[in-house]
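A closer look at the structure
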Amino acid sequence: MRGTLPLIDRFSNVQIRDTVLNAINGKHYTLAVVEHFWCAPYLQILREHADHVILDLHNIESVLHERSSKVEPWLLSIAHNRFARLARKMERQWIPQFDLTLTCSETDRQSLMSRVSGVPVVVYPNSIPLTKQPLVEEENVITFSGNWEYRPNINAVRFFHSKVWPLVQQAHPQLRWRLIGKKPQELQHLVSGDANIELTGAIDDPVKELAKARLAVVPLLTGSGTRIKILEAWAAGRAVVSTTIGAEGLPTTPGGNICLADGHLSFAEAILELLDNKSKREHLGREGRRTYEQQGNWFAAWQSTEKWLGEFAPDAKLGAKSSSQPSEASNQILFLSPESPYPLTGGGPMRSSSLLQLLTRNSDLHLVTFREPGTPHPQTFVPDGLVNLLTVIDLP
């Protein structure tokens, strides 16, 4: 293993940095926003091209690796312990050099400040677009949604399938478990052979799909940041059963807008109680929907930026750009994201697109993003008129 984190090596190696430098050569920006810690080393070249540079952390990488080391098999555990040490070192090296760092939650903010003291850190909460609650018929299904390439999600499926699902099935043999998200092939080895487990693959409207379920489960054992999947279940008006770590950082009220349970027996008991108690299930769903409408949507998240947005992008206004009503842009903004903010599938793109659309009002925005081999070109998905310049860098 090299002396750096794998995703930093993937997205921020010298050859790719030279390509980014060529894309911004001759340009100057009011503000540069760097998405994910994986791209923190780009600060070296952005300083010469931007008045201010902000880092947006989707996770605290050192926390993610520390926690993952406790649930992975021994060989992967050793790797995660090493990555955790590297992440702590790199966080202390890079984060103090940014003008501002954004985190998903107050929990992450406090965790980061305990590791890197004396740095400006503010919370920009995860959120999803404001949408009406879908009116669909409830099916005899429970759901879990996520990107199935993400190791914490895979470990959650393994835990639930081996320890929780048998207990639930015993009491409700006709119940189906629907796994919603891209890269379902990553789960085939875990769930094959069970006719009551469904893999949907990527879908266009996860909120509508979640609304078909009796409840959503979030059996995460590790992770960092906050979970978009819970916000989507709340938007769908569905009850959520989550581990404590799965709901970390979100505005939760146990027994109000969510049911928290740790350990396989408690988790199974919570599911069974809600399956047998429609009134309680609907109460959790209503309160979750209320939380989403008040705190979990883009407009609510944008309100949290008033204290810092004016300092770094003076003429930016809350709201999304309207291509039919062009404005004279006074801010030039660079938005550097290792994964394309569009399409809106998954927690990473959802967070990035929220911040990107916030910054587009009264701003000319240059989006620089990367494309993995064999994936569609991001231009296909970026809304017309949203960005003024799009640079896509193809990864080897």
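Before reading on, note that the structure itself is shown above.
What counts as what
Residues numbered from 1 in each chain as written. Predicted model: local features only at pLDDT ≥ 70, side-chain atom pairs only at ≥ 80, totals over all residues. Heavy atoms only, no water. Pairing = 2+ DSSP bridges. Helix = DSSP H or I, 4+ residues; strand = E, 2+ residues; numbered from the N terminus. Axes fitted to C-alpha atoms, helices over the stretch in contact; angles between N-to-C directions. Phe/Tyr/Trp six-rings, centres within 6.5 Å; stacked < 30°, edge-to-face > 60°. Buried < 20%, exposed > 50% of the residue type's maximum accessible area, 1.4 Å probe, protein only.

1. Focus on the sheet that holds strand 12 (residues 363-371)
- Spatially, seven strands are ordered 4-3-2-1-11-12-13 in an open sheet, and the strand pairing comes out parallel. With partners counted over all chains shown, the strands left at the sheet margins are strand 4 (121-123) and strand 13 (389-394), one partner each. Shown here is a sheet whose adjacent strand axes are inclined to one another by a mean of 20°, direction ignored.
- Of the pairings in the sheet, the one linking strand 12 to strand 13 comprises six bridges and is parallel in character.

2. Some thoughts on unusual backbone geometry
- A cis geometry characterises the amide bond from Y342 onward to P343, with omega recorded as 5°.
- Along the chain, P343 turns up in the loop between strand 11 (331-337) and helix 15 (347-359).
- If you check the backbone angles, H36 has positive phi at about 75° while not being a glycine.
- Backbone geometry at K183 places phi at a positive 60°, although glycine is not the residue there.
- As for its placement among the helices and strands, K183 is situated in the loop between strand 6 (176-180) and helix 8 (188-191).

3. Here's the deal with the sheet that holds strand 5 (residues 141-145)
- The sheet built from six strands is open, its strands ordered 7-6-5-8-9-10 with parallel pairing. Unpaired on one side and paired on the other, strand 7 (197-201) and strand 10 (259-260) mark the two borders of the sheet.
- In the sheet, strand 9 (residues 239-242) pairs with strand 10 via two bridges, with the strands oriented parallel. Counted as the bridge partner of V241 is C259 from strand 10.

4. Examining the packing of aromatic side chains
- Applying the stated criterion across every chain, the model contains 10 aromatic pairs.
- Between F11 and W38, the ring centres sit 5.6 Å apart and the planes meet at 15°, which makes this aromatic pair stacked. With F11 in helix 1 (residues 6-11) and W38 in the loop between strand 1 (29-35) and helix 3 (43-46), the pair connects residues that are 27 residues apart, well separated along the chain.
- Overall, the relative accessible area of 6% leaves F11 in the buried class.
- Centre to centre, the rings of F299 and W302 are 5.3 Å apart; their planes meet at 85°, and the pair counts as edge-to-face. With a gap of three residues between them, F299 and W302 both fall in helix 13 (residues 298-303), about one helical turn apart.
- Taking relative accessible area as the criterion, F299 reaches 49% and is therefore assigned partly exposed.
- Assessed through its relative accessible area of 3%, W302 is described here as buried.
- Members of the aromatic cluster, each reached through a chain of ring pairs, are F11, W38, Y42 and F370.

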